[in-house]
Amino acid sequence: MKKEVTTKKVFIRTLGCQMNVRDSEVIGGLLSKSGYKITDIEEKADIIIFNTCSVRQHAEDKVWSAIGRTKAKIIGIMGCMANNYREAIFEKAPKVDFVVGTRDIAKIPAILKEIEKHKDSPLLEKKIYETDADFREDEIYHTGFRLDKEHAFVVITEGCENYCAYCVVPYVRGALRSRSSQDILEEIKEDIDAGITRITLLGQNVNAYKYQDTDFIELAQEVNGLKGLKEFGFITSHPKDTTVDLFKALAECRKFNNYLHLPVQSGSDRVLKLMNRGYTREFYLNLVDNYRKMIKDGTLSTDIIVGFPSETEVDFQDTFNLIKEVEFDKAYVFKYSVRPNTKAAEFADNIERQEKERRHKLILDLQKSISRTKNAKKNN
Ligand code: 5AD
Ligand code: SF4
């Protein structure tokens, strides 16, 4: 008779950006290799791992309350909140068993084994936190575990060192690291062999990619040349590092999906400066102009923050008018939220909640009407 194997079921709850979506796949792959079963039904899981986001307070609040509700026997925290709170998570949420930082995720299978060993004996209760690794090993990207069978996200850079005044990312994801171009191309080839036809290159600022002699333009060209790949795109671009040379190269890349996500954040030069964005309104508008001229049928989206410390009505109108002028295909609009350690946390968060909400709604309504008009034109 075959011996029965008990496989523990793991549910991974992902919050935040595409980077986290990809990290959850990486963990899914590493855990599957170690004999765990990944389930998408939370109630059936023995173990729950929250892959968390710290970009705004709201994202963190969601996790604190979800931890309170979960019935899983073992609870882990990975992602940006792990680096933001480290072992303080155990005080805030005593039910949590382990905390694993963004660069330490390869340790999760071993940590889980250790926690499981102790779990059934209250005397031996164990809490583990690991948040100190400096970088990730490339091999974690090669487990072949993919949730989507046609489209794949491929990490090209980890971390960020732009230090935008509002942003927690440099503190939770660490310094910028570009993966080796050979390894990235190897990963994409493995994906293609497994049936993937479309990929999105991922990084907090993809344009800053640089590995030895290979920069982002060269990487994009190499990806474009991969046999079997039908389409590629990338997120996210930082305007200060996005160039006309890149558009020129992309115009020649037959497989580029013509989509550019170019967060402007604000249309006011005064606020852009306070945000430490490194470009002006005019520079941004000029970039958009070039993109539209050089990439035929391109789509363009952006991110906006309303209610940044000291943002006046005039600053806000500058943002409003920029959106009107550019006519984005999509705009993601956020209310400013103070983040620990950041430069902006030193400024007074002096825009009232209702005022942030008013500005948020005005921009959403404006974008809605722009999108409606654009769609109507497209369908005609
Ligand atoms: N408050 C509000 N929005 C923020 N973002 C980043 N940090 C903050 C913050 N502290 C937004 C930016 C970024 C997007 C991912 O989230 O617009 O581009
Ligand atoms: Fe992604 Fe930034 Fe949120 Fe981390 S803090 S999950 S990097 S959006």
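Bear in mind the structure is a predicted one, so any value in this text is a computation, not a measurement.

Asker: I would appreciate a short explanation of the pairing of strand β13 (residues 231-235) in the present structure.
Answerer: Side-chain positions along a regular strand alternate between the two faces of the sheet. In terms of burial, β13 is a largely internal element, 4 of the 5 residues being buried. Note: strand β10 (residues 198-202) against β13, 5 bridges, orientation parallel. Across the sheet, residue I199 finds its bridge partner in β13, namely F232.

Asker: Please explain the site of ligand 2 as it appears in this structure.
Answerer: As a structural note, the neighbourhood of ligand 2 is formed by C17, N20, T52, C53, S54, V55, C80, V169, R173 and Q204. Residue classes in the shell around ligand 2 are distributed as 5 nonpolar, 4 polar and 1 charged.

Asker: Whenever I open this one, the environment of G203 confuses me. Can you help?
Answerer: With respect to the element layout, G203 can be found in the loop between β10 and β11 (210-211). In this structure G203 comes out as buried when scored by relative accessible area, which is 6%. G203 sits 185 residues away from Q18 along the chain, and the two C-alpha atoms are 9.2 Å apart. Excluding residues that lie within four positions of it along the chain, G203 makes contacts with M19, T157, I235 and T236.

Asker: Is there a simple way to explain the nonpolar core in this structure?
Answerer: If you look at soluble globular proteins, the nonpolar side chains tend to sit buried side by side. By size, the foremost hydrophobic cluster in this structure holds 49 residues, and its most contacted members are I188, I199, L201, V223, F232 and F234. Apart from the residues within four sequence positions on either side, I199 is in contact with H151, A152, V154, I188, V223, L229, E231, F232 and G233. In this structure, V10, I12, I115 and Y141 belong to the second largest nonpolar core, which totals 26 residues.

Asker: Just to check I follow, could you spell out the pairing of strand β16 (residues 330-335) for this structure?
Answerer: Of the pairings in the sheet, the one linking strand β15 (residues 299-306) to β16 comprises 6 bridges and is parallel in character. Across the sheet, V306 pairs through a bridge with K335, a residue of β16. For the crossover from β15 across helix α12 (residues 313-326) to β16, the handedness is right-handed.

Asker: Would you explain the site of ligand 1 in this entry?
Answerer: Around ligand 1 lies a shell formed by V55, R56, Y166, Q265, D303, I305, F334, K335, Y336, S337 and R339. R56 is positioned such that a nitrogen or oxygen atom in its side chain is 2.9 Å from an oxygen atom of ligand 1. Within the contact set of ligand 1, a nitrogen atom lies 3.0 Å away from a backbone nitrogen or oxygen of Y166. Protein contact buries 86% of the 410 Å² of open area that ligand 1 shows by itself. When residues of the shell around ligand 1 are traced back to their parent elements, those giving at least two are β15 and β16. Along the lines of polarity and charge, the residues of the shell around ligand 1 split into 5 nonpolar, 2 polar and 4 charged.

Asker: Can you help me understand helix α7 (residues 181-193) in this one?
Answerer: In an α-helix, one turn spans 3.6 residues, which is why side chains three or four residues apart end up on the same side. Over its 13 residues, α7 extends 18 Å from the first C-alpha to the last, a length consistent with the 18 Å expected when each residue adds 1.5 Å. Residues of α7 that are buried include every one of S181, D183, I184, L185, E187, I188, D191 and I192, and no others. Its buried side turned inward, α7 meets α1 (18-33), β7 (151-155), β10, β11, β12 (214-215) and α8 (216-224). One or two residues past the end of α7 sits G195, with phi positive at roughly 105°.

Asker: Sorry if this is basic, but what is going on with the pattern of salt bridges here?
Answerer: Opposite charge on two side chains permits pairing when their charged atoms draw close. Inspection of the entire model under this criterion finds 34 salt bridges. A salt bridge links K107 to D104; the nearest nitrogen and oxygen atoms lie 2.6 Å apart. The salt bridge involving D365 is made with K361; its shortest N-O contact spans 2.7 Å. Pair noted here: D365 and K361 are both in helix α13 (residues 353-378), with a separation of 4 residues, about one helical turn. What makes D365 partly exposed here is its relative accessible area of 35%.

Calculation notes
Residues numbered from 1 in each chain as written. Chains lettered and ligands numbered in written order. Predicted model: local features only at pLDDT ≥ 70, side-chain atom pairs only at ≥ 80, totals over all residues. Heavy atoms only, no water. Buried < 20%, exposed > 50% of the residue type's maximum accessible area, 1.4 Å probe, protein only. Helix = DSSP H or I, 4+ residues; strand = E, 2+ residues; numbered from the N terminus. Pairing = 2+ DSSP bridges. Near = heavy atom within 4 Å. Nonpolar A, V, L, I, M, F, W, Y, C, P; charged D, E, K, R; others polar. Contact = heavy atoms within 4.5 Å. Core = buried A, V, L, I, M, F, W, Y, C linked by side-chain atoms within 4.5 Å. Right-handed = clockwise from strand over helix to strand, strands pointing away. Polar contact = N/O pair within 3.5 Å; in protein donor to acceptor, adjacent residues only side chain to side chain. Areas by Shrake-Rupley, 256 points an atom, 1.4 Å probe, with all protein chains shown as cover. Expected span 1.5 Å × (residues − 1). Salt bridge = Lys/Arg side-chain N within 4 Å of Asp/Glu carboxyl O.

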